[in-house]
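Residue-level structural notes
If you want the building blocks of each chain, they are given just below.
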Amino acid sequence: MEANIHRYKIHHGAVILQDKILDDACVLVENGKIIEVSARDIDFPGAIEINAHGHYISPGFIDIHIHGGGGHDFMDGTVEAFLEIAKTHARYGTTAMLPTTLTSEKEDLILTLEAYQKANLLNTEGASFIGMHLEGPYFALSQRGAQDPKYIRNPDPEEYQFILENYDCIKRWSAAPELPGAIEFGDYVSSKGVLVALAHTDAIYEEVEKAFDHGYSLATHFYSAMSGVTRKNAFRYAGAVEAGYLIDDMDVEIIADGVHLPSALLRLVYKIKGAKKTALITDAMRAAGLATENSILGHKDKGLAVIVEDGVAKLPDRSAFAGSVATTDRLVRTMLQKTDAPLLEIIQMISDVPARIMKIDHQKGSLTKGKDADILIFDQDINIQMTMVNGRIVYSL
């Protein structure tokens, strides 16, 4: 039988499942789907055989908060930017991503959404797109971080209703829940089936607790641009961080690059929230995947100049981080090095958990029969050897 490029047999590797790791197992792929996972070798006539040589065979990494890479940013608003970012991050293990915007003028936001719709139809050589994530512009000015303050504003019903009614590619929207109109915003956005997340917020616990009941179910880049314990007139108030811990059903995402959160905080998040409620994200900007000391956050012509040092992007005055330059393989490596979380749970945090959060776990997130063939091969040091997206090899050493 002639070899068929739509059929693959990936074998002689340690297959990472949701609950265990199978040594010397194999995965069969046909027409973009996983059709079998077996602890023993299976004959699969006509298939291309891929020998993992004892390395790990893993579900692909899903990044639900990413701005750019390879010298491009989604806010550039071009099809080229989208496709190049997808290709860049696929080399490091990302098989699916949620392109993320920055606080901007409405016109630039629309331009980016239009570019997404065009790029999504052409994206065959990189990580797949699973929708758009709007980060802002409804934020607390005091927690803006590297977001451009001139675009930050309170929720505007006319604006957000128009955007959601005209762009069904939006799957997530991050906002500060304490702002005037933010509760109504949460109700409306969640009614459209869009995930609402709290971000760049000075909310106290009680405000987050209320917001959770109105759709705010995820804490965006937990700890970053987020209130902790504060004092007013001698009284202490728990903040958004404490709310993230206290509300059991709230998911959190963390930039596990080892810089945004030091080892102690990575360990604390893992200890309290656990692997099943924690997603790993890159929050990567355009300098990810490049060796550079200078870059731009946001639109290539309108964005903020930043510097890259200590493995992270910073504002030039070093007053705040300006996004990460991480790739998903680095997140896994960092969690292995800086926490006591086992590899099995770390992989859950970057595959199964983000898939569940985005409600695509019926399709992606684990090496399960019937799901999309988003598959990686990587070694003990999490160096990516092969990336397969929807049954297509998009990267191989």
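Residues numbered from 1 in each chain as written. Predicted model: local features only at pLDDT ≥ 70, side-chain atom pairs only at ≥ 80, totals over all residues. Heavy atoms only, no water.

1. Focus: the pattern of salt bridges
For clarity, the cut-off: Between Lys or Arg on one side and Asp or Glu on the other, a salt bridge is scored when a side-chain nitrogen of the former is within 4 Å of a carboxyl oxygen of the latter. A helix here means a DSSP run of H or I that spans at least four residues, while a strand means a run of E at least two residues long, and both kinds are numbered starting from the N terminus. Burial classes follow relative accessibility: with a 1.4 Å probe on protein chains only, a residue under 20% of its type's maximum area counts as buried, one over 50% as exposed, and anything between as partly exposed.
Under the defined criterion, the tally for this structure stands at 17 salt bridges. Ionic pairing is found between Asp-76 and Arg-286, a salt bridge with its closest N-O pair at 2.7 Å. Here Asp-76 is found in the loop between strand S8 (72-73) and helix H1 (79-90), whereas its partner Arg-286 is found in the loop between strand S18 (278-281) and strand S19 (294-297), with 210 residues between them in sequence. Take Asp-76: its relative accessible area is 5%, and that puts it in the buried class. Note that Lys-364 is salt-bridged to Asp-374, the shortest N-O span being 2.8 Å. Note that Lys-364 is positioned in the loop between helix H10 (352-357) and strand S23 (375-378) and Asp-374 in the loop between H10 and S23, a separation of 10 residues in sequence. The pair Lys-364 / Asp-374 is uniform in exposure class, with both members buried. Linked through salt bridges whose partners overlap, the residues forming this network are Lys-33, Lys-364, Asp-372 and Asp-374.

2. Observations concerning the sheet that holds strand S9 (residues 94-99)
Counted only if it meets this: When DSSP locates at least two bridges between a pair of strands, those strands are taken to pair. Whether two residues are in contact is decided by their heavy atoms, any of which lying within 4.5 Å being enough. Each axis is a line fitted through C-alpha atoms, and for a helix only the stretch in contact is used; angles between axes span 0 to 180 degrees, taken between their N-to-C directions.
Ordered by their spatial adjacency, three strands build an open sheet running S6-S9-S10, and the pairing between neighbours is parallel. Where the open sheet ends on each side, the last strands, each with one partner, are strand S6 (61-66) and strand S10 (128-129). Note: S6 against S9, four bridges, orientation parallel. Bridge pairing in S9 places Phe-61 opposite Thr-94. Against the sheet, H1 engages S6, S9 and S10, with an angle of about 140 degrees to S9.

3. A short note on empty space enclosed by the protein
Formally: As defined here, a cavity is a set of points on a 1 Å grid over the protein atoms alone where a 1.4 Å probe fits but cannot get out. A pocket is an open set with protein on both sides within 12 Å along at least five of seven lines, and residues line them when an atom is within 4 Å of a point. Grid points are joined across faces, edges and corners, and a volume is the space filled by probe spheres set on the points. Gly counts as polar in this scheme, as do all residues outside two lists: the nonpolar Ala, Val, Leu, Ile, Met, Phe, Trp, Tyr, Cys and Pro, and the charged Asp, Glu, Lys and Arg.
Within the structure shown, the criterion is met by four cavities of 30 Å³ or more. Space inside the largest cavity adds up to approximately 170 Å³. Lining the largest cavity are 15 residues, and of these Thr-103, Tyr-151, Gly-298, His-299 and Gly-303 lie nearest its centre. Partitioning the lining of the largest cavity into residue classes produces six nonpolar, six polar and three charged.

4. Regarding the packing of aromatic side chains
As a reminder of what qualifies: Aromatic contacts are taken between Phe, Tyr and Trp rings whose centres are within 6.5 Å, Trp giving its six-membered ring; a plane angle under 30 degrees counts as stacked, one over 60 as edge-to-face, and the others as tilted.
Going through the model one piece at a time under the given rule, you end up with 15 aromatic pairs. Centre to centre, the rings of Tyr-138 and Trp-173 are 5.9 Å apart; their planes meet at 15 degrees, and the pair counts as stacked. Here the residue Tyr-138 occupies a position in the loop between strand S11 (132-135) and helix H3 (157-166), and Trp-173 occupies one in strand S12 (residues 170-175), the gap between them amounting to 35 residues. Residue Tyr-138 is classed as buried on the basis of its relative accessible area, which comes to 0%. We classify Trp-173 as buried; its relative accessible area is 0%. Consider the rings of Tyr-223 and Tyr-245, whose centres lie 6.3 Å apart with planes at 70 degrees: the pair is edge-to-face. Of the two residues, Tyr-223 sits in the loop between strand S14 (216-219) and strand S15 (230-232) while Tyr-245 sits in helix H6 (residues 240-246), which places them 22 residues apart along the sequence. An aromatic cluster is present here, built from Tyr-138, Tyr-160, Trp-173, Phe-185 and Tyr-188 joined pairwise through their rings.

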